[in-house]
Structures are given as structure tokens and as C-alpha cells.
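So you can see what is in the structure, the chains are spelled out below.
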Amino acid sequence: MSPTRAVRDVVLVDAVRTPFGKAGANGVYAETRADDLVVAVFRELLRRNPNLPADRIDDVAVAATTQIGDQGLTLGRTAGILAGFPNTVPGQSVDRMCAGALTAVTNLSSGIGFGAYDVVVAGGVEHMGRHPMGEGMDPNPRLIAEKLVDPEALFMGKTAENLHDRFPHLTKARADEYAVRSQEKTAKAYADGVIQQDLVPVAVRSASLGYGLATVDEPPRETTVETLASLKTPFRAHGRVTAGNSSGLNDGATAALLVAEDVADELGLTKKARLVSFAFAGVAPEVMGVGPVPSTEKALAKAGLTIDDIGLFEVNEAFAVQVLAFLDHFGIADDDPRVNPYGGAIAVGHPLASSGIRLMAYLARSFEAHPEVRYGLTTMCIGLGMGGTVIWENPHFDGKDA
């Protein structure tokens, strides 16, 4: 007798995050543990989805780029215990640098599709204030000595400068203009009450401010193209990458609830997005910012779609030039309203391994607002020369043309 092999649709039921903070001694999370940020988003997922019995969770995966200290010790298991998940719920840790949370989602979703899981929780955290990128890192000297990797591949800002070199028509002026739009779109999304819907308030303590509650993202700021034009270029003299057209150093956590669609129907859970396909790809590490191009091409091919089928894009804004390279490749205008309609990481921040789920939360909100759109994608570049893309279907799609 042959065994039964299940292949099932996977849906995103919910995605939440802490407000993102500025890394460093003056940041809102300076005295908050990374694992406590994960606990906050886990508890919120359960609170927002009372129809889900916690003992139905089959696995938990939490990503962190720097898995050390309070970001170590198999966070998926320890944070689950701290959040009150039953002891029967297992957990794991994941690392794919900036795409950690995105990878936690795709890994666990694959388990659902295969029939190993019904309900999973994926998450990501990065406390760059407590654990700077590269802390404790010991790269094998062969990587450089044998010229397997360009030395600049180890410095993300330099890889962004390399993109400007490769695509000289993607000028600093275009990057600055894109960055200002990200700030403006974020401000509008806050004014419209869009972003707050998925933020989890976090109790914090600061040596300078005492006890308080983090309720909004710390990094956004008002700026102009003229202001950005005057900023220093720290990665290269007379360069083009600045603090204004890049994401910052940030702290924060995210979490997502993913469920087999038939189980979501059984439990009466909402469906915010349906997973269609995903792909990861590698590129030369010194130009890691182009990674989303081949990963998107692979994901589209696997789904039998073209870029013209995608009606909404959430592209992680590690650097403005990286987004511009993606848009330029696919013939999409710098200011196309389908791209990052609520702003992005240049404004709200990029706590590395957590950001993939932030993109999913934003896309889910856009799906609600645009029932005429059937497909959207989330994509990001990844350190050491990779890209990751997930294509989603809008469960609210009304079948009408945009």
C-alpha cells in the first residue's frame, strides 16, 4: 500500500511586528532583550487569533542573523516557551541573513504543503544595538586569500556603491528622490492608520527616559532631496550611498501565522494571502543588491507567471539603489504606485532577519485595499550575494481587471 502524500495550499493568516527602533544606547530598545521582543509578537498572534488553540501549532522557526546571547539558544523553542506556547510545540532557529524571517516562512510553509504541518509560526528578530552585525564573526580566511569573495562583499554599504558603479544611470539623485518618497509614503500610511494595525506595543525601559511604551517606529523622519544631497558618503569618498538613501541600524521583531488553507477554513481563521511560489538565487557577493532580480525571475517561472501579472510589490529597501536596480531590470518606473505603497525600510528601518515578515504584513494590507489585484510579491536582497522572492495571491481578489 502506498502512503498518502498531501500537497496543500498555504495561507498567511496574520503578521505582526514590534515598532522598529534605532540601534544604540539611545534607542528605544537599548535595555530590552531580543528574545523578549519575539515573545511580544508571539503573544500578540495568539491574542489576535482566539480561534487558534495554541496546541495546534506544529512548529516554530525564528530567524536571527547574529545568533549570539539573547538571540541564540534556539529562539524558536525558547521564545515559544516564554510566550506560553505548550511544551508540546517544538521550535528551531534559522539564518539567511536579511532574509531570515522570509526563509522561516518558506521553510515552514513547505512543511505545510508536504503535509508535515497544519499550523506554524515564523518569526525574525534583530537587536543590532546589542548585537552589531558581524559580532563574533570569524570568516574563513580562504574566502579572501583564494579570492573566492571580493573583500567588499563583507561591507553592505560598499556593495551598494558597487551597484551604482555597475548601473551609472542609477544616480545618487535618483536614489535620494526614491528615499524621500519612502519617507513621504510612510508618513501618509501612518496618517491613514495603516501601519499601526499590525504594530505590537512593547513595554520598555530607558536609563534616560525611564519606563514607557513603544508604539510607533522610531526611525522615520521628515527630509528633502536637498537635505539628502548634503549628507556624507561613509562607504566611499565622493560616493553615492548615504544614511539618507539607506536603511538604518535597527532593533525589532516580527512574527507570522501560516496555516494550511483547509485548516484555516476549519478553524474560522482569516486569510490574508495565499502562497503561490518562492525562490532564492545567488549572485556575485560584491553586488548582492541585484539578488532580487534572479530570485524573482525564478519564482515567476515556477508559478507560470510574468512580471506583468504582479499588481503589488513589496521590495525591501536595504538601499535605494538596490530597489532601483530591481525596478530598472523589470521596466518599472521609480515612482510606480504599485511599489511599496506604504513606504519601506529606508523610513521604518531594517532589523535584518526580521524584515521579510514586515514586507508580508504590508502586502497583506495592500491586498485588502486592492481587491482588483490578484498577485503580489515580497522580495529582498541578502548578504553575501543572494536574493529571495515570495509570490502571493490575494484572497480578496474580485476577478475584475485593475
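Reading guide: rules and limits
- Residues numbered from 1 in each chain as written.
- Predicted model: local features only at pLDDT ≥ 70, side-chain atom pairs only at ≥ 80, totals over all residues.
- Heavy atoms only, no water.
- UniProt positions renumbered as here; feature names shortened; annotations may be inferred.
- Helix = DSSP H or I, 4+ residues; strand = E, 2+ residues; numbered from the N terminus.
- Core = buried A, V, L, I, M, F, W, Y, C linked by side-chain atoms within 4.5 Å.
- Buried < 20%, exposed > 50% of the residue type's maximum accessible area, 1.4 Å probe, protein only.
- Contact = heavy atoms within 4.5 Å.
- Patch = residues over 30% accessible without salt bridge, like charges linked within 9 Å, V, L, I, M, F, W, Y side chains within 5 Å.
- Areas by Shrake-Rupley, 256 points an atom, 1.4 Å probe, with all protein chains shown as cover.
- Salt bridge = Lys/Arg side-chain N within 4 Å of Asp/Glu carboxyl O.
- Phe/Tyr/Trp six-rings, centres within 6.5 Å; stacked < 30°, edge-to-face > 60°.

Per an unreviewed UniProt entry, the recorded name for the protein chain is Thiolase family protein, and the organism is Longivirga aurantiaca. Of the comments in the UniProt record for the protein chain, the one headed Sequence similarities (unreviewed entry) reads "Belongs to the thiolase-like superfamily. Thiolase family."

For the rest of this paragraph, the subject is unusual backbone geometry. Even without a glycine there, the phi angle at Leu-73 is positive, about 60°. Along the polypeptide, Leu-73 turns up in the loop between β3 (59-63) and α2 (75-83). Even without being a glycine, Leu-352 presents a positive backbone phi close to 30°. Residue position: Leu-352 is located in the loop between α11 (345-348) and α12 (355-369).

Of all hydrophobic cores here, the largest spans 77 residues; its most connected members are Leu-12, Phe-42, Val-125, Leu-258 and Trp-392. At eight residues, helix α1 (residues 34-48) tops the list of elements feeding residues into this core. In this structure, Phe-42 is in contact with Val-60, Val-62, Ala-79, Gly-80, Ala-83, Phe-85, Val-121 and Ala-255, ignoring residues within four places of it in sequence. Grouped together as the second largest cluster of nonpolar side chains are 39 residues, Leu-170, Leu-228, Leu-324 and Val-339 included.

Right, let's get into a nonpolar patch on the surface. Taken together, the side chains of Leu-143, Ile-144, Leu-148, Leu-154, Phe-155 and Leu-384 make up a nonpolar region of the molecular surface, amounting to roughly 500 Å² of accessible area. The residue Leu-143 is located in helix α4 (residues 142-145) in this model. Residue classification places Leu-143 among the partly exposed positions, given a relative accessible area of 32%.

With that settled, consider the packing of aromatic side chains. All told, the structure shown has five aromatic pairs when counted by the stated rule. Aromatic side chains Phe-42 and Phe-85 sit 5.3 Å apart centroid to centroid with 15° between the ring planes, which places their arrangement in the stacked category. With Phe-42 in helix α1 and Phe-85 in the loop between α2 and β4 (92-94), this residue pair connects regions lying 43 residues apart in the sequence. Considered together, Phe-42 and Phe-85 belong to a single accessibility category, that of buried residues. Seen in terms of ring centroids, Phe-313 and Phe-326 are 6.4 Å apart; in terms of plane orientation they differ by 70°. Their pairing is edge-to-face. Residue Phe-313 is found in strand β10 (residues 310-315), and its partner Phe-326 is found in helix α10 (residues 320-329); the two are separated by 13 residues along the sequence. Here Phe-313 and Phe-326 have matching classes, each one buried.

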